[in-house]
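# Fold and geometry: a report
So you can see what is in the structure, the chains are spelled out below.
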Amino acid sequence: MRVRIPRLVIAGTASGVGKTTVATGLMAALTAQGYRVAPFKVGPDYIDPSYHYVATGRPSRNLDTWMVSPPTVAYLFARAAAQADIALIEGVMGLYDGFSGQSEAGSTAEVAKLLGAPVVLIMDVACLARSAGAMALGYRDFDSDLQLAGVVLNNVASHQHVLWVREAIESVDIPVLGRLHRDSALHLPHRHLGLIPTAERDTASNGSELGQALHAIRDRIQEGIDLERLIRVARSAPPLEVEDQDFSPLKGPPSWFVSPWPVTKPSVSTMRTIWTSCGLTEPSWWFSALCMIATCPKAAREFTWGAAFRKCTPPDWQPIRPCTRLFAGHSNRVCPSMPNAGG
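Residues numbered from 1 in each chain as written. Predicted model: local features only at pLDDT ≥ 70, side-chain atom pairs only at ≥ 80, totals over all residues. Heavy atoms only, no water.

Quick look at the overall build of the protein now. Secondary structure summary: the protein contains ten helices and 15 strands in total. The burial tally for the protein puts 50% of its 343 residues in the buried class. Pairs at least 24 residues apart make up 78% of the contacts formed inside the protein by residues separated by at least 6 positions. Accessible surface, the protein: about 16,200 Å² in total, of which carbon and sulfur atoms supply 54%. (Helix = DSSP H or I, 4+ residues; strand = E, 2+ residues; numbered from the N terminus. Buried < 20%, exposed > 50% of the residue type's maximum accessible area, 1.4 Å probe, protein only. Contact = heavy atoms within 4.5 Å. Areas by Shrake-Rupley, 256 points an atom, 1.4 Å probe, with all protein chains shown as cover.)

Scanning the entire structure with this criterion turns up ten salt bridges. A cluster of three or more residues bridged by salt bridges with shared partners is formed by Lys-41, Asp-48 and Glu-90. (Salt bridge = Lys/Arg side-chain N within 4 Å of Asp/Glu carboxyl O.)

Moving on, we come to the environment of Ser-158. Residue position: Ser-158 is located in the loop between β7 (148-156) and α6 (159-170). Once the C-alpha coordinates of Ser-158 and Arg-182 are considered, the two residues, 24 residues apart in sequence, prove to be 8.8 Å apart.

Taken in spatial order, the seven strands make up an open sheet running β4-β3-β5-β2-β6-β7-β8, and their pairing is parallel. Each edge of the sheet is formed by a strand with only one pairing partner; in this case those strands are β4 (61-63) and β8 (176-181). With strand direction ignored, the average angle separating the axes of adjacent strands in the sheet is 25°. Here five bridges tie strand β3 (residues 37-42) to strand β5 (residues 86-90), and the two strands are oriented parallel to one another. Residue pairing for β5: Pro-39 is matched across the bridge by Leu-88. Contacting β2 (7-12), β3, β4 and β5, helix α3 (residues 70-81) crosses the sheet at an angle of about 155° to β3. (Pairing = 2+ DSSP bridges. Axes fitted to C-alpha atoms, helices over the stretch in contact; angles between N-to-C directions.)

Within the structure shown, the criterion is met by three aromatic pairs. Between Phe-40 and Phe-77 the ring centres are 4.8 Å apart and the planes differ by 50°, which places this aromatic pair in the tilted class. Here Phe-40, found in strand β3, pairs with Phe-77, found in helix α3; they are 37 residues apart in sequence, far enough to count as distant. Measuring from ring centre to ring centre gives 6.1 Å for Tyr-96 and Tyr-139, while their planes differ by 20°; the resulting arrangement is stacked. One end of the pair, Tyr-96, is in the loop between β5 and α4 (108-115); the other, Tyr-139, is in helix α5 (residues 131-141), with 43 residues separating them in the sequence. Across this residue pair, the class does not change: Tyr-96 and Tyr-139 are buried. (Phe/Tyr/Trp six-rings, centres within 6.5 Å; stacked < 30°, edge-to-face > 60°.)

Okay, the packing of α3 against α4 next. At a minimum axis distance of 10 Å, the contact between α3 and α4 shows a crossing angle of 65°. Judged by the inter-axis angle, α3 sits roughly perpendicular to α4. Relative to α4, α3 is oriented so that their crossing is right-handed. Contact residues: Pro-70, Val-73, Ala-74 and Phe-77 in α3; Glu-110, Leu-114 and Leu-115 in α4. For the contact of α3 with α4, the class distribution of residues is six nonpolar, no polar and one charged. (Parallel < 35°, antiparallel > 145°, perpendicular 65-115°, else oblique. Left-handed = near helix turned anticlockwise from the far one by under 90°. Nonpolar A, V, L, I, M, F, W, Y, C, P; charged D, E, K, R; others polar.)

Another point: the nonpolar core. Phe-77, Leu-95, Leu-115 and Ile-169 are the most contacted members of the largest nonpolar core, which totals 45 residues. By residue number, the principal contributor to this core is α3, which donates five residues. Non-local contacts of Ile-169, meaning those with residues more than four positions away in its chain, are made with Met-123, Ala-132, Gly-133, Ala-136, Val-151, Leu-153, Ile-174 and Val-176. Grouped together as the second largest cluster of nonpolar side chains are 36 residues, Val-22, Ile-86, Ile-122 and Leu-188 included. (Core = buried A, V, L, I, M, F, W, Y, C linked by side-chain atoms within 4.5 Å.)

Moving on, we come to the side chain of Thr-56. With respect to the element layout, Thr-56 can be found in helix α2 (residues 47-56). With relative accessibility at 12%, the residue Thr-56 sits in the buried group. In terms of polar contacts, Thr-56 uses its side chain to reach the backbone carbonyl oxygen of His-52, at 2.9 Å. Setting aside chain neighbours within four positions, we find Thr-56 in contact with Met-27, Thr-31, Val-37 and Pro-39. (Polar contact = N/O pair within 3.5 Å; in protein donor to acceptor, adjacent residues only side chain to side chain.)

On the secondary structure map, Pro-6 appears in the loop between β1 (2-3) and β2. Judged by its relative accessible area of 18%, Pro-6 falls in the buried class. Spatially, the C-alpha atom of Pro-6 lies 6.1 Å from that of Ala-237, the residues being 231 residues apart in sequence. Sequence-distant contacts of Pro-6, that is, excluding residues within four places in its chain, are made with Asp-85, Ile-86, Ala-87, Ala-234 and Arg-235.

Following this line, the structure appears as structure tokens:
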């Protein structure tokens, strides 16, 4: 199957350089202009996609080449983006970070090349000037098969600072597509495992704390980034060849999502993003959220063990013993089990 989808990967030089801020702001800015934006996230993260949803009103899908084969990832991407005007894909960690130091497997770069998507690199230049040119050059030349379309400068201090950094990067023939000045309005609250999930924040579309924050980020993005140029870059992506995938209904009992922590509807919704992205909500996949007092059928085909942030649960909650008993009841047979991060 051959499809044409305008698309961009928003990558970073490392974690914490502003990927989610820029990606979510771009999604919000393009949505405000009337574009139908299909949001995506590299890897199995469920927190960043919750911000994408608030910005676009559309579910954000995970593109995870560890859990799902690359041909299936490409197919799921094409299917999810089919009705969109543009697809924006937020990367994970640094552009080339994956499962090892010797392979691109699981990295943003792997997904970008799989999808034939141009890459926009976010660089935190707070403590850089001319050295930013050397850094950008290294990221472009590390893999000649990757299309680095340009960079966005984050945390610039002044117009003079922008000039110095821009001169250095453009001297090695890499376009600077925009800049964002140091601004507390661009800060998204986080803790040790990443951003605070939107399920823990007020997500009403108008007048909420999160809504106001995203509006501020959207405004800064519109002021500092050349959106028309980004759209042209996205439209330059070549047609994507994808293989049709067979999601025929499977026979047998359902899969179960088991959480050892108190489960709330918003938290289940954000965690479920992962499995929705992988096609697991086809007719053959049943999804259930259990508190520990629930009874899990012994015929269940497999388990996904969810988690929560320990500091957000009651101090007297003791999940481990009943969780162990529940799992032990299925230990006498082959029963795949997959843990989910988050606590």
